[in-house]
Amino acid sequence: DVRKWYPDIIDLVKITLVEAGPGILGSFDMVLAEYYLESLREKEIDVRINTAVVGIEDRYMDNKDDDECQLDEGHHHYTVAKLADGDEVPFATLVWSGGLAPVKFFDGACIEMERGRAVVDDYLRLPGEKGRIFALGDCATVKNNSHIATASVAEQQAYYLGDCFNDYYSKLDLLEVEEGEDLPLPGPVYPALMPWAPAEFMNKILCDSSPKFQYKNRGSMAVMGSGGGVADLTHTDLPIVKTKLSGFAAFVIWRTTYLTKQLSWSNMMLIPMYWFKTWVFGRDISRF
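Parameters and conventions
Residues numbered from 1 in each chain as written. Predicted model: local features only at pLDDT ≥ 70, side-chain atom pairs only at ≥ 80, totals over all residues. Heavy atoms only, no water. Helix = DSSP H or I, 4+ residues; strand = E, 2+ residues; numbered from the N terminus. Salt bridge = Lys/Arg side-chain N within 4 Å of Asp/Glu carboxyl O. 1 Å grid on protein atoms, 1.4 Å probe; cavity = no way out; pocket = protein on both sides within 12 Å on 5 of 7 lines; lining within 4 Å. Points joined across faces, edges and corners; volume = space filled by probe spheres on them. Nonpolar A, V, L, I, M, F, W, Y, C, P; charged D, E, K, R; others polar. Expected span 1.5 Å × (residues − 1). Patch = residues over 30% accessible without salt bridge, like charges linked within 9 Å, V, L, I, M, F, W, Y side chains within 5 Å. Areas by Shrake-Rupley, 256 points an atom, 1.4 Å probe, with all protein chains shown as cover. Phe/Tyr/Trp six-rings, centres within 6.5 Å; stacked < 30°, edge-to-face > 60°. Buried < 20%, exposed > 50% of the residue type's maximum accessible area, 1.4 Å probe, protein only. Lys NZ or Arg CZ within 6 Å of the ring centre and 35° of its normal. Pairing = 2+ DSSP bridges. Axes fitted to C-alpha atoms, helices over the stretch in contact; angles between N-to-C directions. Contact = heavy atoms within 4.5 Å.

Some words on the environment of Gly23
Stage number 1. With respect to the helices and strands, the residue Gly23 is situated in the loop between strand 1 (16-18) and helix 2 (30-42).
Stage number 2. Gly23 sits 24 residues away from Val47 along the chain, and the two C-alpha atoms are 9.7 Å apart.

Written out as structure tokens, the structure reads:
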């Protein structure tokens, strides 16, 4: 967009991506991660791996002598990111993605914790709470069977608990449960394998039910602007060919998956129309 709408300043724009780990897309197949990394560099994006940002510092430049930098509020202000290797990157806009931190809701609670997350059993219940308190998503970790804290895991856990409450716990008469007695375990629940609501009936065909929470791998995808991306389907539980894709094919799969996450048919129709408008006329950058 910048290259199209502001060609006179494109040479002044630079993007630097700083990653503290040994590479990007660590959960993807190594071949796809390397492809994504090289594609970024082909777009003239400065990618620095094994490098951490250790601080942000304000600087002031002497307008009379641009080579002299002083901490004087009467001069031109700019900011720099200080890196662990000693290098400094001046910037105008910083986008920080520092990962997930456990919520403070459980601070001081008398429950079993593991790395800041509440430990739950295979039914997403907090141990020692008589089956009356549940936890899911980023704030919880399944004992001896921890899952990566991703939206896919949290979504499937929400589907599981929704089925447990709707099909079993809602029919339970708590007056018949003696005080101090554990609530009964839920009955069999089918895992939420299919990501598209109209196709959820396939879960009963493709999966076995169990009272315990079952996580199903739907694959991993990452988009790269318009027309590019990667899709790692080598370990997916979906009834498709186990493969890995890159380029336009991965982009199409990502867009298709994006459509399946919409909550209404109207959105599923409107979004492709906006995509088509952007493809024909370009992105609308007007501000109101």
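Quick look at the pattern of salt bridges
Stage number 1. Under the definition given, this model contains 13 salt bridges.
Stage number 2. Residues participating in the shared-partner salt-bridge network are Lys14, Asp46, Arg48 and Asp87.

A few points about empty space enclosed by the protein
Stage number 1. Going through the model one piece at a time under the given rule, you end up with two cavities of 30 Å³ or more.
Stage number 2. Lining the largest cavity are 14 residues, and of these Arg117, Gly137, Ala140, His147 and Val153 lie nearest its centre.
Stage number 3. Of all the secondary-structure elements, those providing two or more residues to the lining of the largest cavity are strand 9 (140-142) and helix 3 (151-167).
Stage number 4. By residue class, the composition of the lining of the largest cavity is six nonpolar, six polar and two charged.
Stage number 5. Within this model, the second largest cavity holds a volume of roughly 50 Å³.
Stage number 6. Every residue lining the second largest cavity is listed: Gln156, Tyr159, Tyr160, Val189, Tyr190, Pro191, Ala192, Ser210, Lys212, Phe213 and Gln214.

Let's talk about helix 6 (residues 265-281)
Stage number 1. Under the 1.5 Å per step criterion, the end-to-end length of helix 6 is 25 Å for 17 residues, consistent within 8% with the ideal 24 Å.
Stage number 2. Just downstream of helix 6, Gly282 is the residue with a positive phi angle, here 90°.

What about a nonpolar patch on the surface?
Stage number 1. Together, Val2, Trp5, Tyr6, Ile9, Leu12, Val13, Ile15 and Ile285 make up a nonpolar patch on the protein surface, roughly 750 Å² of accessible area in all.
Stage number 2. Note that Ile15 resides in the loop between helix 1 (2-5) and strand 1.

Focus: the packing of aromatic side chains
Stage number 1. Inspection of the entire model under this criterion finds eight aromatic pairs.
Stage number 2. Centre to centre, the rings of Phe134 and Tyr169 are 5.7 Å apart; their planes meet at 55°, and the pair counts as tilted. You can see Phe134 sitting in the loop between strand 8 (117-120) and strand 9 and its partner Tyr169 sitting in the loop between helix 3 and helix 4 (203-206), a full 35 residues away along the chain.
Stage number 3. Among the residues examined, Tyr169 registers a relative accessible area of 13% and is labelled buried.
Stage number 4. Within the aromatic cluster, the residues linked to one another by ring pairs are Phe134, Phe165 and Tyr169.
Stage number 5. Lying over the aromatic face of Trp275, Arg255 brings its terminal NZ or CZ to 4.0 Å of the ring centre.

Thoughts on the sheet that holds strand 11 (residues 229-232)
Stage number 1. Strands sit in the order 10-11-12 across an open sheet of three strands; the sheet is antiparallel. Single-partner strands in this sheet number two, and they are strand 10 (220-223) and strand 12 (244-246). Recorded for the sheet is a direction-independent mean angle of 0° between the axes of neighbouring strands.
Stage number 2. Pairing geometry for strand 11 and strand 12, over three bridges, is antiparallel. What sits directly across from Val230, in strand 12, is Ser246.
Stage number 3. Packed on one face of the sheet, helix 2 meets strand 10, strand 11 and strand 12 and runs near 175° to strand 11.

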